[in-house]
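# An overview of the molecular structure
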Amino acid sequence: QQQQQQQQYDDSIYIDEDDDDYPADMRMQKEEEEEQLEEDAPKKPKRTIEEELTFLERISDTRYQVQVGFVPNMKVPAEIIVNSDLQTLLVQELRDTCCIGPYAEAEQSFIPALRQAANVAALPGIVKASLAMPDVHSGYGFCIGNVAAFDMEDPLSVVSPGGVGFDINCGVRLIRTNLTEADLSGDVKEKLAEEMFQKIPVGVGRKGEIKCTEDDLDRLLAEGVDWAVEKGLAWPEDRDHCEENGRMDMADPSFVSKRAKKRGLKQLGTLGAGNHYAEIQIVDEVYDQNAADTMGIGKVGQVCIMIHTGSRGLGHQVATDALTTMERAMSKDKIELNDRQLSCARIGSREGKEYLAGMASAANFAWVNRSCITALTRKVFADMFKRTPEEMEMHLVYDVCHNIAKVEEHSIGGVMKKLLVHRKGSTRAFPPYHPNIPKDYQSIGQPVLIGGTMGTCSYVLVGTVKGMTETFGSTCHGAGRALSRNQSRKKLDHVQVLERLKNDGISIRVASPMLVAEEAPESYKNVTDVIDTCEDAGISRKVVKLRPVAVIKG
């Protein structure tokens, strides 16, 4: 049994989560190649950690700038939105990758987030700055929390799968109800948690209960939530409350490989593992009553359900396939990078267009996946409370993605430009009266859903005008890791973590208990610090805090 759990753990790292770990064979191959390159490369002058930090300048209470010159070929600075405590974590990460004495390059298998953000600032066609949100931590190529925009009119501009992540359109949705915490008293909460755990496939390798043919798959990859509505798996109003209305029109299923489709065919309506979850939550605090009422979540004690998952193995395969293709494209177009994990192609090239079409298809799959889980959740609640989902007002508040690249218009130097905005571990946060947000939210701004760590609070925010001008309408996506998964497993005991959650009154169901330590609150930054930093920086504004009472995880 222990052997089986270990195998399950090994698979889960690389398939299901948006922390952008990558397959073991890719990791080993990359480390071997970089070790050889390091041996062959001429030795460069080295900087001390103190010299490194001279490139880091504090430009406001919540913003640090990594100046051009920190890494080679930077076109723009990198800007990090953090408070003093979060900045200390970033600097420590940089310090930990230095040798004692003269500064050596960061270990080739790990590049700290500050350096990753700077490497992104060296990509062709980038405008303004490489931005990192307060939940920033090291990822694959781009750091998690990175936002980078590329001028669509610049023929040298690139698209990079590392700027989207392996779990394409990993995202969060929130469903409201007219139930209150009192309705979960007695054994109701435990029964609900158990039913959700039984009805929603979770964990590595679990197949979905939603029937999907090959023809269905091609259609949903092209049509997104429209397909789910037609099949009765989503309410017509749901698409109005999804980012992009739950459908990216640039999708073309013909650019999704057979292997990716094979993986996706079995996984529709599944949560997966890693940091994905479904939670029953309670409205705990309301900071903006008008905005909360507009979203229908303005009553303290109100029951909501938050779902966090993405495109599963299909999206992962789309990203993996693209990396191979882009290696060839870079050689053909003579694109030079500071880090090979930033593999990319010109936006206007055949390879760039094909990746965007495949990425959009995977994004559509993710919206349908979350729609299917919503349908299963509505059924569980209906069976439990003997009322229809409509009677319980189980409406979708909003659905946001935080691993995506999209064509948007933004002002650069007072001129409106069409940009390809990469958001990797960051969330779109458009301001009031933006044409791309739902009509009923026009007066308050786009809802932004920020999931906390397992057992901690989550938040609902709204976008701001300042965020639109300073961060391409973007904010954070969660707490952000403070410990690596390996560090978490060494320092934390999963039995103690589960016991602490139980003592806090949180019902928990997990398919892989051994993974719990990796998702413990101690493994992450404090989500409230992250949220407050975003608000202090003016890029998003708090509306509601949600408290978990039941957690369902892979």
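Criteria and cut-off values
- Residues numbered from 1 in each chain as written.
- Predicted model: local features only at pLDDT ≥ 70, side-chain atom pairs only at ≥ 80, totals over all residues.
- Heavy atoms only, no water.
- Salt bridge = Lys/Arg side-chain N within 4 Å of Asp/Glu carboxyl O.
- Helix = DSSP H or I, 4+ residues; strand = E, 2+ residues; numbered from the N terminus.
- Buried < 20%, exposed > 50% of the residue type's maximum accessible area, 1.4 Å probe, protein only.
- Pairing = 2+ DSSP bridges.
- Contact = heavy atoms within 4.5 Å.
- Axes fitted to C-alpha atoms, helices over the stretch in contact; angles between N-to-C directions.

## Focus: the pattern of salt bridges
Working definition: two side chains of opposite charge can pair if their charged atoms are close together. Here the structure, examined in full by the defined rule, presents 35 salt bridges. A salt bridge links Lys 261 to Asp 218; the nearest nitrogen and oxygen atoms lie 2.9 Å apart. With Lys 261 in helix α9 (residues 258-265) and Asp 218 in helix α7 (residues 214-223), this residue pair connects regions lying 43 residues apart in the sequence. For Asp 218, a relative accessible area of 30% translates into the label partly exposed. The salt bridge partner of Glu 354 is Arg 350, with a shortest N-O separation of 3.4 Å. Within this pair, Glu 354 and its partner Arg 350 are both found in helix α12 (residues 350-385), separated by 4 residues, close to a single helical turn. You can call Glu 354 partly exposed: its relative accessible area is 25%. Each member of the salt-bridge network shares a partner with another, and the members are Glu 181, Asp 284, Glu 285, Lys 545 and Arg 547.

## Some words on the pairing of strand β5 (residues 144-151)
Within β5, 8 of the 8 residues are buried, leaving the element largely enclosed by the surrounding structure. Note: strand β4 (residues 130-137) against β5, 3 bridges, orientation antiparallel. Across the sheet, the residue bridging to Ala 132 is Asn 146, located in β5. Where β4 folds back onto β5 in an antiparallel hairpin, the turn is made up of 6 residues, including Gly 141, whose phi is positive at roughly 75°. Bridge analysis of β5 against strand β13 (residues 415-424) gives 6 bridges, and the strand direction is antiparallel. Across the sheet, Asn 146 pairs through a bridge with Lys 424, a residue of β13.

## Focus on the side chain of Ser 540
Mapped onto the fold, Ser 540 is located in strand β19 (residues 540-553). Here Ser 540 falls in the buried class, since its relative accessible area comes to 3%. Setting aside its immediate chain neighbours within four residues, Ser 540 contacts Leu 461, Val 462, Thr 464, Thr 475, Cys 534 and Glu 535.

## Describing the environment of Ala 537
Within the secondary structure, Ala 537 is located in helix α16 (residues 527-537). The spatial distance from the C-alpha of Ala 537 to the C-alpha of Gly 467 is 8.5 Å, given a sequence separation of 70 residues. Here Ala 537 is in contact with Thr 62, Ile 81, Lys 466 and Glu 470, once residues within four sequence places are set aside.

## So, the sheet that holds strand β3 (residues 78-81)
Note: strands within a sheet are paired through backbone hydrogen bonds, in either parallel or antiparallel orientation. With respect to topology, 7 strands assemble into an open sheet ordered β1-β2-β3-β4-β5-β13-β12, the strand pairing being mixed. Each end of this open sheet is capped by a strand with a single partner; those strands are β1 (56-60) and β12 (403-412). This sheet shows a mean twist of 25° between the axes of neighbouring strands, independent of strand direction. Strands β1, β2 (63-66), β3 and β4 of the sheet are contacted by helix α4 (residues 84-96), whose axis makes an angle of about 165° with β1. Contacts between α16 and the sheet are confined to β3 and β4, with β4 contributing the most and set at about 145° to the helix.

## Structural notes on the environment of Asp 61
One can find Asp 61 in the loop between β1 and β2. Beyond its immediate sequence surroundings of up to four residues, Asp 61 is in contact with Val 82 and Asn 83.

## Side note on the environment of Met 196
Along the chain, Met 196 turns up in helix α6 (residues 188-199). Among the residues examined, Met 196 registers a relative accessible area of 0% and is labelled buried. In the structure, Met 196 is positioned 182 residues away from Arg 378 in sequence and 9.9 Å away in space, judged by C-alpha atoms. Beyond its immediate chain neighbours, meaning those up to four positions away, Met 196 contacts Ala 278, Ile 280, Ile 305, Thr 377, Val 380, Phe 381 and Ile 552.

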